[in-house]
Structure formats: C-alpha cells, structure tokens
Amino acid sequence: MNIMDVIRLRRSIKPESMKADPVARDLLDQLFEAANWAPSHGRTEPWRFVVFTDDARLDLARVLASAEVGSSPVSETDPTYLKLRQKMTNAPVVIAIICAPSPNPKIEPHEELASVAMAVQNMHLCARALGLGGFWSSGKKAFHPAVASFLEVAPPAHCLGFFYVGWPAIPWPKGERGSVTHKVTWRNRTELSI
Ligand SMILES: Cc1cc2nc3c(=O)[nH]c(=O)nc-3n(C[C@H](O)[C@H](O)[C@H](O)COP(=O)(O)O)c2cc1C
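Residues numbered from 1 in each chain as written. Predicted model: local features only at pLDDT ≥ 70, side-chain atom pairs only at ≥ 80, totals over all residues. Heavy atoms only, no water.

1. Examining a nonpolar patch on the surface
A surface patch of nonpolar side chains, about 290 Å² in accessible area, is lined by Ile3, Met4 and Ile7. Residue position: methionine 4 is located in helix α1 (residues 3-9). (Patch = residues over 30% accessible without salt bridge, like charges linked within 9 Å, V, L, I, M, F, W, Y side chains within 5 Å. Areas by Shrake-Rupley, 256 points an atom, 1.4 Å probe, with all protein chains shown as cover. Salt bridge = Lys/Arg side-chain N within 4 Å of Asp/Glu carboxyl O. Helix = DSSP H or I, 4+ residues; strand = E, 2+ residues; numbered from the N terminus.)

And the structure:
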C-alpha cells in the first residue's frame, strides 16, 4: 500500500466491530514505534501510553464506570460498569493516550497536544497498514481526576482518551470526506519573480 492509500483507508473501527483474537506483541511494538516518530517542538516527545490487555481491561472499566456514576467502588452489577466492561473487552487491547507536556515554557501546551495527536495518527496509520482496526475514543470520563490517578498521571500531564486496537470483524468500512477545495486558500503573487 502506498502512503496515500494508507491515509485514505485508515478508518475508525469501533471495539464492537473487533474480534476477540489477541494482537501479537511485536505488532503492538510496531504501533508504538510509529507513534514515537511523531514530530514535537523542541523534541519534547510528550506522548505516553498505558496498555491494557486481558483482565487489566476490567480494572479500567471499573474506574471509568466509577467516574461516570460518581461512586467508588462501583457495583459489579451496575449497568454503566457492565456497558463499559463490554466495550473494554470487545477490543483485545486498550491504550490510554497521555500527553505529558514539557516544563519548557517556550513550548505551548497546544503544541504538545498536537504532537500527541500526531503520534496517535501514526499509530492508527500503522495499524491500517498491518490490517488492524483502531479507534480513538475520548469522552468526559477520560478527563476525570480518578482516571488520571488510576493511570498515575499527574497535572499538567493528562489523559486524552483511549485507543482501541483489534482485528476487524467487519468488512473494512468506507470513509467519506467533504471536498478539500473549500478548506484551502491559495494566495499567489508574482512580485518577487519579476
Ligand atoms: C481526538 C478524537 C477523539 C475521538 N473521540 C471519539 C468518541 O469519543 N466517540 C466516537 O464515536 N468517535 C470518536 N473519534 C473518532 C471519530 O468519530 C472518527 O475519526 C470520525 O468519525 C472519522 O472516521 P474515520 O476515523 O474512520 O475517518 C475521535 C477521533 C478523534 C481524532
């Protein structure tokens, strides 16, 4: 696949559309290697990841459910927990996406955010090239202090959501985008070449 194909064919595939089959460690390592090549101002490399597999996904579902219902610990029969447990265990791998900004005052927080987003895009493109499904899910729960504490993330570092990885159980979805024509403004001048 050439790079434009990988870019165009990268799709968000939700956890419920993934197989339960495990993803080999060397493939996951390739995703992280791809992430690690993202650019960052001042080479701050602010991306961090916490990887949940097997029953560790249940711990994450419990914390997210507690954050949502506002009670800790959450009951094992709570519908919010059961729904999150289903979501977490639909994907064999759930990766917490963390931005750990540099203390360098010359680097703006939004630059660090941009770098982490590029790292996730690299990971998602690499997943596409390997035939793996990926899905970035954010939502308010990801920003809850209890979730940060569980992830051992202290401000100014923060969680930006979760990236689900698994083998697709559905035909590869078609993507759609509006035309780029109206998103690009060209300003051409010839003065300097006269
Ligand atoms: C920062 C970010 C957060 C996202 N959070 C969610 C989410 O919480 N729920 C959701 O359904 N999709 C989420 N998505 C995925 C988008 O819905 C998806 O990228 C969009 O529909 C375009 O589909 P595609 O990725 O297949 O091109 C998120 C994407 C990004 C970049």
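2. Thoughts on the environment of valine 69
On the secondary structure map, valine 69 appears in helix α3 (residues 56-69). For the pair valine 69 and proline 79, spaced 10 residues apart in sequence, the C-alpha to C-alpha distance is 9.9 Å.

3. Considering the nonpolar core
Met88, Leu151, Phe162 and Tyr164 are the most contacted members of the largest nonpolar core, which has 29 residues in total. Secondary-structure elements contributing two or more residues to this core are α3, α4 (79-90), β2 (93-99), α6 (145-151) and β4 (158-166). Counting residues per element, this core draws most heavily on α3, which supplies seven residues. Setting aside anything within four residues of it in sequence, one finds tyrosine 164 in contact with Pro15, Met18, Lys87, Met88, Ala91, Val93, Val94, Gly133, Gly134, Phe135 and Ser137. Grouped together as the second largest cluster of nonpolar side chains are 23 residues, Val116, Cys126, Leu132 and Val165 included. (Core = buried A, V, L, I, M, F, W, Y, C linked by side-chain atoms within 4.5 Å. Buried < 20%, exposed > 50% of the residue type's maximum accessible area, 1.4 Å probe, protein only. Contact = heavy atoms within 4.5 Å.)

4. Structural notes on the pairing of β2
Remember that side chains alternate between the two faces of the sheet whenever the strand is regular. Burial of β2 is extensive: seven of the seven residues sit out of reach of the surface. Where burial is concerned, the two faces of β2 agree: the one with Val93, Ile95, Ile97 and Cys99 and the one with Val94, Ala96 and Ile98 are both buried. Note: strand β1 (residues 47-52) against β2, six bridges, orientation antiparallel. Bridged to tryptophan 47 within β2 is cysteine 99. Of the pairings in the sheet, the one linking β2 to β4 comprises seven bridges and is antiparallel in character. Pairing of alanine 96 across the sheet is with phenylalanine 162, part of β4. (Pairing = 2+ DSSP bridges.)

5. Focus on the packing of helix α2 (residues 25-35) against helix α5 (residues 109-130)
Here α2 crosses α5 at 140 degrees, and the two axes come no closer than 7 Å. As summarised for this structure, α2 and α5 are arranged oblique, according to the angle between their axes. Both α2 and α5 take part in a crossing whose hand is right-handed. Packed against α2, whose contacting residues are Leu27, Gln30, Leu31, Phe32, Ala34 and Ala35, the element α5 presents Ala119, Asn122, Met123, Cys126, Ala127 and Leu130 at the interface. A per-class count over the contact of α2 with α5 returns 10 nonpolar, two polar and no charged. (Axes fitted to C-alpha atoms, helices over the stretch in contact; angles between N-to-C directions. Parallel < 35°, antiparallel > 145°, perpendicular 65-115°, else oblique. Left-handed = near helix turned anticlockwise from the far one by under 90°. Nonpolar A, V, L, I, M, F, W, Y, C, P; charged D, E, K, R; others polar.)

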